[in-house]
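# Summary of structural features
The primary structure of each chain is shown beneath.
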Amino acid sequence: MKQFLKNPYVLITVIALLVQSVMLVFFYTLPDPLGLSLLEMFSGRIQWQMIMAYGGMLVISGLFMLMKMPRGLAIYYILYFFFATADYEVFRFSHQRLSYSFVRTYFHPSNLFDSTAATVFGGDALGTVLWVGLYILVLAAGITFIVLYTLQKRKKGKDLDLAITPKKKVPISFISAGLVLSVFPLILFLMGTRAVFYVPIVKWPIEMQFNLGKYTLTSPILHIAAWETFEFVRDNEKVSEELVEDLNAFLPKDKIGARQDVMNYPVYFDAARHEYKAKRPYNIVFVFGESYKGRILNQMLSGDTTLAPNLWKLAKVGGLWFKNAYSGGYPTVRGTTSTYLGFPTHPNRDVPSFYASNHFKGFPEYLENYKRAYVTISNPVFDHTLPFVERFYGENWKLAPDDSIPGTADSLGADLAIQTLDGMPYDKPWFLLFNTIATHIPFYGYPDAFAPKPEDPMVRYRTALRYTDQQFGRFMESLSQRPDFDRTVVLFLGDHDTPVDSVDRRIPQPIGVSSSRIFMGIFSADTSLFQGLVVREDVASQLDVGPTIFDLAQVRAPGHFWGYDLLTQERPAEQPSLFFGENGYYLGFRDHVLTGGLKSEEVYSGVNQNFVPVTDSVSLNWRDRAVGASKILRSLLRNDNMMP
């Protein structure tokens, strides 16, 4: 005990560094519930994560030494490892960082005691036990030190402080070393360093790629505070004429001239003035297909209709099939944000989903004369969409019960959607939205009795697709029996793409899986809308959903919807759809995708997920436009200037 108290700062720091090391081992070796390789996801960054984490801890320890607060240092690490445990486990389960926004969304009062809430902090029982067990040891050690030190303090008074206070060179050495370790990777990041460094003699390759945000995994408490402050400063970009021009590159021409206060509200447009295709309000069924991949579903156009025969049956009734449709981003919250609100999500954080009381107005709010209902299989709290659900549907939303037979969630969802459909009126228009789940990664969401679950993820994906389609077919059978079927439109949309096979992984950093095309189709038996199935080549986007629904619902009102009315308009061939990922932009054209980092100069062009660097003037110009649009969007969202 005497030796321990002589220099507790150093001993506490050594123990903390060891615990941090164990946590990083846990993070990279425990199975990932989403079926993705964290080692692959963090390739080229692991060493920098370790360096920055250790550096931050040394700085903190040095500061507490200078303040002569050994108990304060122990308390700090008790709190630090609590947040670190939660942060790492949250990321392992959901691939999202722990933050105020995450807590506010996932731990909404109505969901604190939901049966699925526990899974937020555990993707598998072993991992959760190890994480919690490690933290209990940290907590016990910290409390033990505080109690013993307090007892010694009462006994020896100031003499104890004098006995254990290290010379100034010790804390200064800690702080200096910590700053070097913390700041060195940051400097390389700001310099845009991209290279592979080989260690002399052993020739070990070290990939010099640097990325902040969720891929840093530095000290959680310091990270969150610093990142929130950094975002606040960075996101307050002054709206200029130059940035407005960057924004205009992605807007329909009729919207560019339909703004009353461009400099204050550059994405708030007057009501549409073009003639609508729909001549009456239609009932609308909106299906969000989990991870409905355009690359795969488009194979049905070439004859592989066994993928989703019921969806194909509906398509043959009549409608529009978009071969080049893009998601607003990955994960689900980015796609739903883009769909509901009609603008790309915040490039670094999904602000609208967390602050649904702000000045945003989703397309369901415009359907004032409609009866609206929402049926969901997955708890909306886990997709960050609960604020939307509560705002757009009030109490008129239903969550499917937990499946007693694993893999039958889509069946239960179809049951609930059919039940909700039966309650829809015949004397007024209605809107019904429901989602599917079986095709969620890692594609085990169908019953064992339905089909085997082999190792090949693409086989499982196609099987899950067939199972979901089977349940969708049951819903369509009920819908087709209604007398108002011929004045009902079904909009089927993928929420985002998802990595399945090696083709999806032929991508450079910082590109994400949201660059791949999603499935999108609009179908109806009303021949005044559609004369058979039309396959469209123009680019469609989740940003176009709102304006298209306004056509179907005969709504004319101002709003912040960037997109096109897909029933009467087409995006020009030279104009891409814009969406953002984590620190990256994605531009979807008819025949390729352009992508790159918002803070880097590289531009990649890809066709069928085969991406190569490009340096032509057209691509670089689009890169500049995308970065400019991201700046103006961040500022508008941060300052709540999307609409008056």
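Further up the page is the structure itself.
Residues numbered from 1 in each chain as written. Predicted model: local features only at pLDDT ≥ 70, side-chain atom pairs only at ≥ 80, totals over all residues. Heavy atoms only, no water.

The next subject is the overall build of the protein chain. A count of helical and extended segments in the protein chain gives 22 helices and 15 strands. When contacts within the protein chain are restricted to residue pairs at least 6 apart in sequence, those whose partners lie at least 24 apart make up 74%. Of the roughly 26,500 Å² of accessible surface on the protein chain, a fraction of 61% belongs to carbon and sulfur atoms. (Helix = DSSP H or I, 4+ residues; strand = E, 2+ residues; numbered from the N terminus. Contact = heavy atoms within 4.5 Å. Areas by Shrake-Rupley, 256 points an atom, 1.4 Å probe, with all protein chains shown as cover.)

It is worth spelling out the packing of aromatic side chains at this point. Taken as a whole and assessed by the stated rule, the structure comprises 38 aromatic pairs. Residues Trp312 and Trp321 carry aromatic rings whose centres are separated by 5.7 Å and whose planes lie at 75° to one another, so their mutual orientation is edge-to-face. Taken as a pair, Trp312 and Trp321 share a single burial class, namely buried. A centroid spacing of 5.7 Å and a plane angle of 80° characterise the contact between Phe363 and Phe431, whose relative ring orientation is edge-to-face. Of the two residues, Phe363 is situated in helix 17 (residues 363-366) and Phe431 in strand 7 (residues 430-435); the sequence distance between them amounts to 68 residues. Each of the two residues, Phe363 as well as Phe431, counts as buried. Chaining the aromatic ring pairs together yields one cluster made of Phe286, Phe288, Tyr340, Phe363, Tyr374, Phe388, Phe392, Tyr393 and Phe431. One cation-aromatic arrangement involves Lys453 over Tyr446; the distance from NZ or CZ to the ring centre is 5.1 Å. Across from the ring centre of Tyr276, 4.0 Å away, lies the NZ or CZ of Arg556, which sits over that ring. (Phe/Tyr/Trp six-rings, centres within 6.5 Å; stacked < 30°, edge-to-face > 60°. Buried < 20%, exposed > 50% of the residue type's maximum accessible area, 1.4 Å probe, protein only. Lys NZ or Arg CZ within 6 Å of the ring centre and 35° of its normal.)

Attention now goes to the sheet that holds strand 8 (residues 488-494). Backbone hydrogen bonds are what pair the strands of a sheet, in a parallel or an antiparallel way. An order of 6-5-7-3-8-9-4-10 is seen for the eight strands of this open sheet, with the pairing classed as mixed. A strand with exactly one partner marks an edge of an open sheet, and here the two such strands are strand 6 (397-399) and strand 10 (533-541). Strand-to-strand twist of the sheet, defined as the mean angle between neighbouring strand axes without regard to direction, takes the value 15°. Where strand 4 (residues 319-326) and strand 9 (residues 517-524) come together, six bridges link them in antiparallel fashion. Counted as the bridge partner of Leu320 is Ile522 from strand 9. Docked against the sheet, helix 18 (residues 386-393) engages strand 5 (371-376), strand 6 and strand 7, running at close to 155° with respect to strand 5. (Pairing = 2+ DSSP bridges. Axes fitted to C-alpha atoms, helices over the stretch in contact; angles between N-to-C directions.)

With that settled, consider the nonpolar core. The biggest cluster of nonpolar side chains holds 70 residues, and the ones touching the most others in it are Phe250, Phe286, Phe363, Phe431, Ile549, Trp562 and Leu587. Considering each element in turn, this core owes the most residues, eight residues, to helix 22 (residues 617-638). The residues touching Phe286, leaving out its near neighbours within four places in the chain, are Thr339, Phe363, Phe431, Leu432, Leu433, Phe434, Leu491, Leu493, Val545 and Ile549. By size, the runner-up hydrophobic cluster in this structure holds 39 residues, among which are Ile418, Leu432, Leu465 and Met476. (Core = buried A, V, L, I, M, F, W, Y, C linked by side-chain atoms within 4.5 Å.)

Cis geometry is adopted by the peptide bond preceding Pro442, which originates at Ile441 and carries an omega value of 15°. Its location among the elements puts Pro442 in the loop between strand 7 and helix 20 (457-480). Phi is positive for Lys68, which is not a glycine, with a value near 55°. Mapped onto the secondary structure, Lys68 falls in the loop between helix 4 (46-67) and helix 5 (70-94). A relative accessible area of 52% means that Lys68 is categorised as exposed. With phi around 55°, Ser291 is a residue other than glycine that occupies positive phi space.

The next thing to look at is the packing of helix 11 (residues 241-248) against helix 22. It is at 8 Å that the axes of helix 11 and helix 22 come closest, and there the two elements cross at 115°. If you check the angle between helix 11 and helix 22, you find them roughly perpendicular. Between helix 11 and helix 22 lies a crossing whose hand is left-handed. Residues Leu243, Val244, Glu245, Asp246 and Leu247 of helix 11 pack against Asp624, Arg625, Gly628, Ala629, Lys631 and Ile632 of helix 22. Residues of the contact of helix 11 with helix 22, tallied by class, amount to five nonpolar, one polar and five charged. (Parallel < 35°, antiparallel > 145°, perpendicular 65-115°, else oblique. Left-handed = near helix turned anticlockwise from the far one by under 90°. Nonpolar A, V, L, I, M, F, W, Y, C, P; charged D, E, K, R; others polar.)

A few words now on helix 18. When you tally the buried positions in helix 18, you get six out of eight residues, the bulk of the element. Along helix 18, the residues classified as buried are Leu386, Pro387, Phe388, Val389, Phe392 and Tyr393.

Together, Leu139, Ile143, Val147, Leu148 and Leu151 give the surface a local cluster of nonpolar side chains, amounting to about 390 Å² of exposed area. Relative to the elements of secondary structure, Leu151 occurs in helix 7 (residues 125-156). (Patch = residues over 30% accessible without salt bridge, like charges linked within 9 Å, V, L, I, M, F, W, Y side chains within 5 Å. Salt bridge = Lys/Arg side-chain N within 4 Å of Asp/Glu carboxyl O.)

Pairing is antiparallel in the open sheet, where five strands are placed in the order 11-12-13-14-15. For this open sheet the edge positions go to strand 11 (577-581) and strand 15 (610-613), each flanked by a neighbour on one side alone. Geometrically, the sheet is characterised by an average inter-axis angle of 25° between neighbouring strands, direction not taken into account. Here strand 11 pairs with strand 12 (residues 584-588) via five bridges, running antiparallel. Opposite Gly581, over in strand 12, you have Gly584 as the bridge partner. Helix 22 contacts strand 11, strand 12 and strand 13 (593-597) of the sheet and is inclined by roughly 65° relative to strand 11.

Buried within helix 11 are the following residues: Leu243, Val244, Asp246, Leu247 and Asn248. Packing partners of the buried residues in helix 11 comprise helix 12 (253-256) and helix 22.

Tallied over the full model, the rule gives 19 salt bridges. Connected through shared salt-bridge partners, Lys293, Arg295, Asp497, Asp501 and Asp504 make up one network.

Another aspect to go through is the environment of Arg634. With respect to the element layout, Arg634 can be found in helix 22. Take Arg634: its relative accessible area is 4%, and that puts it in the buried class. Sequence spacing of Arg634 and Glu237 is 397 residues, and the spatial spacing of their C-alpha atoms is 7.6 Å.

Bringing the side chain of Asp544 into the picture now. Here Asp544 is to be found in the loop between strand 10 and helix 21 (545-553). With sequence-adjacent residues up to four places away left out, Asp544 is seen in contact with Val539, Gly563, Tyr564, Leu566 and Arg571.

A few words on the environment of Tyr586. Along the chain, Tyr586 turns up in strand 12. For the pair Tyr586 and Ser605, spaced 19 residues apart in the sequence, the C-alpha separation amounts to 10.0 Å.

On to the side chain of Lys293, then. One can find Lys293 in the loop between strand 3 (283-289) and helix 13 (294-297). There is a polar contact of 2.7 Å between the side chain of Lys293 and the side chain of Asp497. Apart from residues no more than four positions distant in its own chain, Lys293 is found in contact with Tyr461, Asp497, Thr498, Val500, Asp504, Arg517, Ile518 and Phe519. (Polar contact = N/O pair within 3.5 Å; in protein donor to acceptor, adjacent residues only side chain to side chain.)

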